[in-house]
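In case you want the letters, here they are:
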Amino acid sequence: MIATPVVEKKRTPAEMPANSASFPTGAEILIEALCFEGVDTIFGYPGGAVLHIYDELWRARHRITHYLVRHEQGAVHMAEGYSRSTGRVGVVLVTSGPGATNAVTGIANAYMDSTPLVVITGQVPKHLIGTDAFQEVDTVGITRPCVKHNYLVREPQDLAAVVREAFHLARSGRPGPVVIDIPKDVTAARTSYSRLDHVGFPFSEQRQKPKQADVVRALQAIRNSSRPILYVGGGIVNSGADGVLREFAEALRLPVTPTLMGLGGFESGHPQCLGMLGMHGTYAANMAVSESDLLIAVGVRFDDRVTGKLATFAPQAKIIHIDIDPANIGKNVAPTLSIAADAKEVLSEFVSLAGNDVHEDNEARTAWWDRIREWQRSQPLRFTGSTDQIKPQAVIRELHRLTKGEAIITTDVGQHQMWVAQFYPFTKTRQLITSGGLGTMGFGLPAAVGAQLACPNAIVVAVVGDGGFQMTNQELATAVQYNLPVKILIMNNGYLGMVRQWQEMFYDRTYSEVDISVAPDFVKLAEAYGAAGFRATTPDELTEAISAALNHKGVAVIDIVVSKEENVFPIVPAGANANDMIVHNDGA
Ligand SMILES: Cc1ncc(C[n+]2csc(CCOP(=O)(O)OP(=O)(O)O)c2C)c(N)n1
């Protein structure tokens, strides 16, 4: 339940505190309110409706750095990269009309991937709202289904409270984006204004504690199960539960399978990690879920790319679902037992209740691990190598080797994204920043820019498709302008690869509108933006091209011409289940 913002009581000049300088404008209040929240970074793009705010932002430039992007979608993805690499709230400022609509893809992306953002949009002056005024859109209406909350601020004296509430909502519970739409006249109007820390705040932290009885029952079910598996997602990352997840999994010797959003939440090289599950998950992970008698789902939402056909998903399993968002529980799969609470708190309770005496070495568990090891042995992730063509999987392995497994990797959406998930073993949370829920091509480059800004000492590599790169490549200019030395690795197969794969496998190889071989020369494009460009077209050029880019001090693009018709395996066809998994195109 979202409370209405608390509106400051209007004061007459006589009531103003003696040291109050004057009557500030809405724009001034907004900037003060952002500073009060600790904001020092904004990604944005100006326009008529936000001119007063930009004017004020200029005066505040020593407190808040504004990063001028080249497209509003880029601003939101940058804020997402900034937020997901740190856990902080990302902030965006765009103008009304097309500024707001260009931002919608990013807002929806952040909503699906539970990323905390505050997006400030300009609006036409109040008296023009509803008149089809120049650059008017109903931003609140358009964004309603893809935000945690949104506001149309009608009075400048509401701004301080709205900003406080927006930041609270963005980061609390299941995080997500909040939009604040501000008419131009509200940013210009003056009002009485008290200090921000006097702003009333209606929230007490209403974190729901896990019920002890539920925790005990869940633990009992885990102890009694013969074939348990932990299925963990982005909730582990958001709640910072990776440490306690490891303790818990090790104490009870549970196999663990992360979702795409959960990669890094449980170390990939850990002997209990089975790798990702779902459509392009490992054979062992999908078989283990399919044969399990208890699925312990933590911080996940039973996405269709994970479950396939719901009716046959984990058919023998009881399900324990732990999620901070009660709306996620029972949405797709009815659990046997659910706990609507923070993943870290629940797992901590498990660990403290489990004590030290629960190494589950009984016969059934040993047999379960034996089966899992057999699945892993018989069907590992693999690909057929080549001496004359660069294999995309080999590119990711080489990138992993050359970055010592320590890079922050962002991706677009498509085949390259799945190969990153399969062949770059992530060991830390916040190391993979990808568009999981919305599946937004063009996410990788701007997300990398935001992550590089937040983590200046990290190696940040955007692994992108030649299709996705062409959706947001103008943000190379932003990276160059602010000297953010991101590396962009283009997996260039001349196709909209993932769509081509589906057409090959499920539409009798009818390649309908997927050939994008007419493309710019990506090396020249990089150079035109003031970045460096490198290329590899044969396997013997691969190492040199990636190393040269990694060693380059500034922004660098690596155009890697890969085998054109490589497919991602395993694949569980849409709407099927683990038993229908196609493991490899060698027929195995
Ligand atoms: C904005 C957007 N439009 C369309 C799609 C549908 N789609 C999913 S993957 C894909 C192909 C991506 O091609 P490319 O970027 O070259 O990456 P590849 O699959 O070849 O690695 C498309 C068109 C999408 N995910 N996002």
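Here the structure is a predicted model, which means the values were calculated and not measured.

Caption draft 1: Structural context of helix α11 (residues 283-291). Of all 9 residues in α11, 9 are buried, a share of seventy percent or more. Looking only at α11, the buried set comprises Y283, A284, A285, N286, M287, A288, V289, S290 and E291. In this fold, the buried residues of α11 make contact with β7 (228-232), β8 (256-258), β9 (294-298) and α14 (363-378).

Caption draft 2: How the structure looks around the packing of helix α1 (residues 26-36) against helix α6 (residues 159-171). Contact pair α1 / α6: the axes reach a minimum separation of 9 Å and the direction vectors enclose 35°. For the element pair α1 and α6, the recorded crossing hand is right-handed. Judged by residue contacts, G26, I29, L30, A33, L34 and F36 of α1 engage L159, A160, V163, R164 and F167 from α6. For the contact of α1 with α6, the residue count by class is 9 nonpolar, 1 polar and 1 charged.

Caption draft 3: The arrangement of the pattern of salt bridges in detail. Considering all chains together, one arrives at 25 salt bridges under this definition. Salt-bridge contacts for K391 lead to E566; the nearest nitrogen and oxygen are separated by 2.8 Å. With K391 in the loop between α14 and α15 (392-402) and E566 in the segment after β17 (556-561), this residue pair connects regions lying 175 residues apart in the sequence. K391 gets classed as buried once you look at its relative accessible area, which sits at 12%. A relative accessible area of 12% means that E566 is categorised as buried.

Caption draft 4: Quick peek at unusual backbone geometry. Of note, the amide linkage connecting F569 to P570 takes the cis form, showing an omega dihedral of -10°. Tracing the backbone through its elements, the reader meets P570 in the segment after β17. The phi torsion at K404 lies on the positive side, around 55°, for a residue other than glycine. Overall, K404 belongs to the exposed group, its relative accessible area being 67%. Located in the positive-phi region is D508, a residue other than glycine, with phi close to 50°. Relative to the helices and strands, D508 is located in the loop between α20 (497-506) and α21 (522-528).

Caption draft 5: Focus on the packing of aromatic side chains. Counted according to the given criterion, the structure contains 12 aromatic pairs. A ring pair is formed by W368 and W375, whose centres lie 6.0 Å apart and whose planes are at 90°; its orientation type is edge-to-face. Measuring from ring centre to ring centre gives 5.6 Å for W502 and F506, while their planes differ by 80°; the resulting arrangement is edge-to-face. You can see W502 and its partner F506 sitting in helix α20, 4 residues apart, about one turn around the helix. A connected cluster of aromatic rings, assembled from ring pairs, spans F43, Y67, Y82 and Y482. The ring of Y495 has R500 lying over it, and the distance from NZ or CZ to the ring centre is 5.7 Å. Between the NZ or CZ atom of K564 and the centre of the ring of Y495, over which it lies, the distance is 4.9 Å.

Caption draft 6: Summary view of the site of the ligand. Q415, H416, G439, G468 and G497 are the nearest of the 17 residues found near the ligand. In this structure, an oxygen atom belonging to the ligand sits 3.0 Å away from a side-chain N or O atom of N493. Taking M498, its main chain carries an N or O atom lying 2.9 Å from an oxygen atom of the ligand. Here the ligand has 590 Å² of accessible area as a free molecule, and 76% of this is covered by the chains. When contributions to the shell around the ligand are tallied by element, the ones reaching two or more residues are α16 (415-423), α18 (466-472) and α20. The element that contributes the greatest number of residues to the shell around the ligand is α18, accounting for 4 residues.

Caption draft 7: Representation of the sheet that holds β8 within the structure. Spatial strand order, β8-β7-β9-β10-β11: 5 strands in an open sheet with parallel pairing. The two strands at the open ends of the sheet, each matched to only one other strand, are β8 and β11 (337-339). For this sheet, the mean inter-axis angle between neighbouring strands, taken without regard to orientation, is 15°. Pairing of β7 with β9, which is carried by 5 bridges, proceeds in the parallel orientation. In the sheet register, L230 faces β9, and the bridge partner there is I296.

Caption draft 8: Broad picture of the pairing of β7. Summarising burial for β7: 5 of the 5 residues are buried, a large majority. Of the two faces of β7, the one lined by P228, L230 and V232 and the one lined by I229 and Y231 are each fully buried. Examined bridge by bridge, β7 and β8 share 3 bridges and lie parallel to one another. Each residue of the ladder has a partner; that of V232, found in β8, is P258.

Caption draft 9: The packing of α1 against helix α2 (residues 51-59), seen in detail. In the contact formed by α1 and α2, the axes pass within 9 Å of each other and the chain directions differ by 55°. Compared by their axis directions, α1 and α2 come out oblique. Our pair here, α1 against α2, has a crossing hand that is right-handed. Where α1 abuts α2, its residues A27, E28, L30 and I31 lie against H52, I53, E56 and L57.

Caption draft 10: Local environment of helix α3 (residues 72-86). The first and last C-alpha atoms of α3 sit 21 Å apart over 15 residues, in line with the 21 Å expected at 1.5 Å per residue. Of all 15 residues that make up α3, 14 are buried, and the element is covered over most of its length. Two residues or fewer after α3 comes G87, characterised by a positive phi angle close to 90°.

Caption draft 11: Broad picture of the nonpolar core. Judged by nonpolar contacts, the single largest core of 45 residues is most densely connected at F43, F469, V486 and I488. The element that contributes the greatest number of residues to this core is helix α17 (residues 444-454), accounting for 6 residues. Excluding its chain neighbours within four sequence positions, the residues that come into contact with V486 are L445, A448, V449, Q452, V460, A479, G554, V555 and A556. Residues I42, L57, A170 and I182 belong to the second largest nonpolar core, which totals 35 residues.

Caption draft 12: Up close: the pairing of strand β16 (residues 532-536). Taken together, the 5 bridges between β16 and β17 define a ladder with parallel strand orientation. Note that in β17 the partner of A532 across the bridge is A556. Each parallel crossover has a hand, and for β16 linked through helix α22 (residues 539-551) to β17 it is right-handed.

Here is what the cut-offs are and how they apply
- Residues numbered from 1 in each chain as written.
- Predicted model: local features only at pLDDT ≥ 70, side-chain atom pairs only at ≥ 80, totals over all residues.
- Heavy atoms only, no water.
- Buried < 20%, exposed > 50% of the residue type's maximum accessible area, 1.4 Å probe, protein only.
- Helix = DSSP H or I, 4+ residues; strand = E, 2+ residues; numbered from the N terminus.
- Contact = heavy atoms within 4.5 Å.
- Axes fitted to C-alpha atoms, helices over the stretch in contact; angles between N-to-C directions.
- Left-handed = near helix turned anticlockwise from the far one by under 90°.
- Nonpolar A, V, L, I, M, F, W, Y, C, P; charged D, E, K, R; others polar.
- Salt bridge = Lys/Arg side-chain N within 4 Å of Asp/Glu carboxyl O.
- Phe/Tyr/Trp six-rings, centres within 6.5 Å; stacked < 30°, edge-to-face > 60°.
- Lys NZ or Arg CZ within 6 Å of the ring centre and 35° of its normal.
- Near = heavy atom within 4 Å.
- Polar contact = N/O pair within 3.5 Å; in protein donor to acceptor, adjacent residues only side chain to side chain.
- Areas by Shrake-Rupley, 256 points an atom, 1.4 Å probe, with all protein chains shown as cover.
- Pairing = 2+ DSSP bridges.
- Parallel < 35°, antiparallel > 145°, perpendicular 65-115°, else oblique.
- Expected span 1.5 Å × (residues − 1).
- Core = buried A, V, L, I, M, F, W, Y, C linked by side-chain atoms within 4.5 Å.
- Right-handed = clockwise from strand over helix to strand, strands pointing away.

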